[in-house]
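What follows is the residue order along each chain.
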Amino acid sequence: MTATRSSRRVRARVEGTVQGVGFRPFAYRLARELGLAGHVLNDERGVLLEVEGPAAAVEACLVRLDADAPPLARVRRILREELAPTGERGFAIAASARGGPPQAPVAPDTATCADCLAELLDPTDRRHRYPFVNCTNCGPRFTIVRDIPYDRPFTTMASFAMCARCQAEYDDPLDRRFHAQPNACPDCGPRARLLDAEGTPIAHAGLDAVAAAARALLAGRIVAVKGIGGYHLACRADDEEAVGALRARKRREDRPFALMVEDVAAARSLVALALADEALLCAPARPIVLVRRRDDAHVADAVAPGVAELGLMLPYAPLHHLLLRDAGVPLVMTSGNVSDEPIAFDDDDALSRLAAIADRFLVHDRPIETRTDDSVVRTVELAGRRRPLALRRSRGQVPAAIDLPLAAAQPLLGCGAELKSTFCLAKGASAWVSHHVGDLENYETLCSFHAGIGHFERLFAVTPKLVAHDLHPDYLSTAYAAERAGVRLVGVQHHHAHLAACLAEHGEQGPAVGAIFDGTGYGLDGAVWGGELLVGGLASFTRGGHLRSVRLPGGEQAVRQPWRMACAWLLEALGDDPGVPPALAGRVDPARWATIAGLARSGFCSPPTTSMGRLFDAVAVLCGLRAEVSYEGQAAIELEALATRAAGGSPAAAGRASAGYPLPLRADGVLDAAETVRAVVADLARGTPAAVVAARFHAGVAAGTAAACGTLAGREGLDTVVLSGGVFQNRLLLEATAAALDRAGLRVLVPALLPPNDGGIAFGQVAVAAALGGD
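Just so it is clear, the structure is predicted and the values come from calculations on it, not from any experiment.

Notes on helix α13 (residues 494–505)
For step 1, the next point in the chain: The end-to-end C-alpha distance of α13 is 17 Å, a good match for the 16 Å that 12 residues give at a rise of 1.5 Å each.
For step 2, the next point in the chain: Among the 12 residues in α13, 12 count as buried, and that is most of the element.
For step 3, the next point in the chain: Buried within α13 are the following residues: His-494, His-495, His-496, Ala-497, His-498, Leu-499, Ala-500, Ala-501, Cys-502, Leu-503, Ala-504 and Glu-505.
For step 4, the next point in the chain: The N-cap residue of α13 is Gln-493: its side-chain oxygen and the backbone nitrogen of His-495 are 2.8 Å apart.

Focus: the packing of helix α15 (residues 563–574) against helix α20 (residues 673–685)
For step 1, the next point in the chain: Taken N-terminus to C-terminus, the directions of α15 and α20 make an angle of 100°; their axes are 9 Å apart at the nearest point. Relative to α20, α15 is oriented roughly perpendicular. Between α15, through Trp-569, Leu-570, Glu-572, Ala-573 and Leu-574, and α20, the contact on the second element is made entirely by Ala-673, Ala-674, Val-677, Arg-678 and Val-681.
For step 2, the next point in the chain: Taken together, the residues of the contact of α15 with α20 sort by class into eight nonpolar, no polar and two charged.

Concerning the nonpolar core
For step 1, the next point in the chain: Ranked by size, the top nonpolar core spans 114 residues in total, and within it Leu-323, Leu-362, Trp-569, Leu-615, Phe-616, Leu-639 and Leu-723 carry the most contacts.
For step 2, the next point in the chain: With residues up to four places along the chain from it excluded, the contact list for Leu-639 reads Phe-616, Val-619, Ala-620, Cys-623, Leu-625, Ala-694, Phe-697 and His-698.
For step 3, the next point in the chain: Residues Ile-222, Val-291, Ile-357 and Phe-361 belong to the second largest nonpolar core, which totals 43 residues.

Some words on the environment of Asp-295
For step 1, the next point in the chain: Structurally, Asp-295 can be placed in the loop between β10 (288–292) and β11 (309–313).
For step 2, the next point in the chain: Between the C-alpha atoms of Asp-295 and Pro-284, which are 11 residues apart in sequence, the distance is 29 Å.

A closer look at the state of the cysteines
Note: disulfide means a covalent bond formed between the sulfur atoms of two cysteine side chains.
For step 1, the next point in the chain: Under the counting rule described, the total for this entry stands at zero disulfides.
For step 2, the next point in the chain: Of all cysteine sulfurs in the structure, the one in Cys-415 sits closest to Cys-447, which takes part in no disulfide; the separation is 16 Å.

Quick look at the pattern of salt bridges
For step 1, the next point in the chain: For the structure shown, the criterion picks out 49 salt bridges.
For step 2, the next point in the chain: Where Asp-347 meets Lys-226, a salt bridge forms, and the shortest distance between an N and an O atom there is 3.0 Å. With Asp-347 in helix α10 (residues 347–354) and Lys-226 in strand β7 (residues 223–226), this pair connects stretches of sequence that are 121 residues apart.
For step 3, the next point in the chain: Asp-347 sits in the partly exposed class, given a relative accessible area of 26%.
For step 4, the next point in the chain: Classification of Lys-226 by relative accessible area gives buried; the value is 2%.
For step 5, the next point in the chain: The salt bridge partner of Arg-378 is Glu-640, with a shortest N-O separation of 3.5 Å. Taken together, the residues span a long stretch of sequence, with Arg-378 in strand β14 (residues 376–382) and Glu-640 in helix α18 (residues 634–645) at a distance of 262 residues. The pair formed by Arg-378 and Glu-640 is uniform in burial state, with each residue classed as buried.

Examining the sheet that holds strand β4 (residues 74–83)
For step 1, the next point in the chain: With mixed pairing, five strands are arranged side by side in an open sheet as β4-β1-β3-β2-β5. Of all the strands in the sheet, the pair left with one neighbour each is β4 and β5 (91–93). Put simply, the sheet's adjacent strands are angled 15° from each other on average, direction ignored.
For step 2, the next point in the chain: Bridge count for strand β2 (residues 37–43) against β5 is three bridges, and the pairing is parallel. Of the residues in β5, the one forming a bridge with Gly-38 is Phe-91.

Calculation rules
- Residues numbered from 1 in each chain as written.
- Predicted model: local features only at pLDDT ≥ 70, side-chain atom pairs only at ≥ 80, totals over all residues.
- Heavy atoms only, no water.
- Helix = DSSP H or I, 4+ residues; strand = E, 2+ residues; numbered from the N terminus.
- Expected span 1.5 Å × (residues − 1).
- Buried < 20%, exposed > 50% of the residue type's maximum accessible area, 1.4 Å probe, protein only.
- Polar contact = N/O pair within 3.5 Å; in protein donor to acceptor, adjacent residues only side chain to side chain.
- Axes fitted to C-alpha atoms, helices over the stretch in contact; angles between N-to-C directions.
- Parallel < 35°, antiparallel > 145°, perpendicular 65-115°, else oblique.
- Contact = heavy atoms within 4.5 Å.
- Nonpolar A, V, L, I, M, F, W, Y, C, P; charged D, E, K, R; others polar.
- Core = buried A, V, L, I, M, F, W, Y, C linked by side-chain atoms within 4.5 Å.
- Disulfide = S-S within 2.5 Å.
- Salt bridge = Lys/Arg side-chain N within 4 Å of Asp/Glu carboxyl O.
- Pairing = 2+ DSSP bridges.

This is the structure in structure tokens:
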């Protein structure tokens, strides 16, 4: 090409999630289509290209780089620089460049695309039944990357040399597998094997490893399955004996198991699937989606005891597709761990920790770099439409960047909370919230937390100068922050972080009114907060009100034994100890009850709490549900399920059909739940069914919360209300509260990208620290 007066040459830097998603071959094809010369390459910041040709064609190319980008790409911005035309001929994909600090986001892991699935199932294709088929549009990303740029030598595929045919695909810019870093085939790539619990290979003549594993599952065995981000424990979902054995061996008494089903039709046979649920099931992230269970669902009762929903996901790896097709039945697919431990992802560790649980191990030799749990989501109806509510943001969604409304003046680290732990790194206007790490009280999880921060710091070239942390002095995340050398610390109150996280992910700074309801958060006064009405924004807040304070008899023991909270709330509401309520007759010894009542009266070993989560626990007990729980939030989850039954399984109908109990806001800013509890006790004494009582309680909390927020908003001249905190994972409560606020003419913000639970705390800490500007 000869440079002419009408020629134009532009260097374009494309930033965002543009590596490992087919952006370079897309740019190559686009440039050739438009007759442009130049080149494109990956570097530490993203994609860099130079294009030269007629001015109109160059402009069309620059516009289409964003408008027509590959489906997995997320273009943040395109920076242009005009250059002098050189007369260059042809367009090429150049070698990746490394020089400055890495800034290019790594793409999340993505479910098998339709093209790869077709090859997997085609008997004439060379990748027929190959469990690791992938291309530029799908496959593992985040879980295999070790460094930036995202090229094969910096992934866990580095040790697999491609055969001639795979190399030809990899080198061809017009091929779907051009620079697909995990590209492989049966001749040169990872292989699956079936082992027994001792780690010895099992002979399976005439069957491949996946088919043999499916046969074992159909026979009632438990199989540990190595996936994308770690191991699952699998068994037949319709086999009561197998599910029971898995519960017993895993030491997971009641927490629901997730299920994997072959396709949408199989999902519809188990749950009442709405279009919004189906869209989430089929999304590239392939999360676990919580959906109301059908009455005729052919699933063992032990899969999800005491709850109205099933957690379903579709296959997201080729190995899963084969396993589900071969088995022909829905499978339990739960995290590969003993209860409360992190999931196993290293092969030797898996064999060591899971040998007492699994009868068989379906393994492969592609290493997993980062342990990553499945994401979890449900849909809620807000402002007349169904939308996702994240409960756990992890595989398939991490490490996509989230914008901060105020750029960080210094590199930041948010250390998060103690339970449902995540961390967050930030640089400029970009924040990277980690995958779900877990509960830091477990040593292995704490080690994973430390290692994960180091990995993110390397991937995103962030060396924190400012470290934000929770105010709780005993949190291990707080201790980690204090141990960081050469940094400034910023303490962020727990519920302020919840408020800030929701505001920031919506691109707002506040101020707003926030109803922040959860189980536990360290208050500014040292008390256990959890039913908070805040007024503020990113930089500051005031406590506009809170739930009436009661004692937490025995401290953390009251969380595990919610009957203690029933005792505390009855004392607070009735003024005297009424003795063991009918719902607990025969379940709690009267002498023990009297002892706990004494603790609550005296305040000994009974700190004050304003926790909304503990109020839900107390009412659940009074309704005859759990006196003791085996997992966090169990009593409240079962109370929501009970309330939903009051209207034939419809959360919306349950809210409409029930006149709520009073929850007034006193002049001193206290939400007086003593009146609520008295109404619950009176209704139960009249013989009102527990399901109706549960529905009326939900309706009352929703109405009282909305009225209180309206009062605060009017007083402060605000029109926006934030609903967040773990209690608002409750679909019935969230929908009813949001609807009441909407009717009052108030604008409602609810977490969308991040969970309302403590999984969003780290992002909120970073947003607060950025707003403070390091002061």
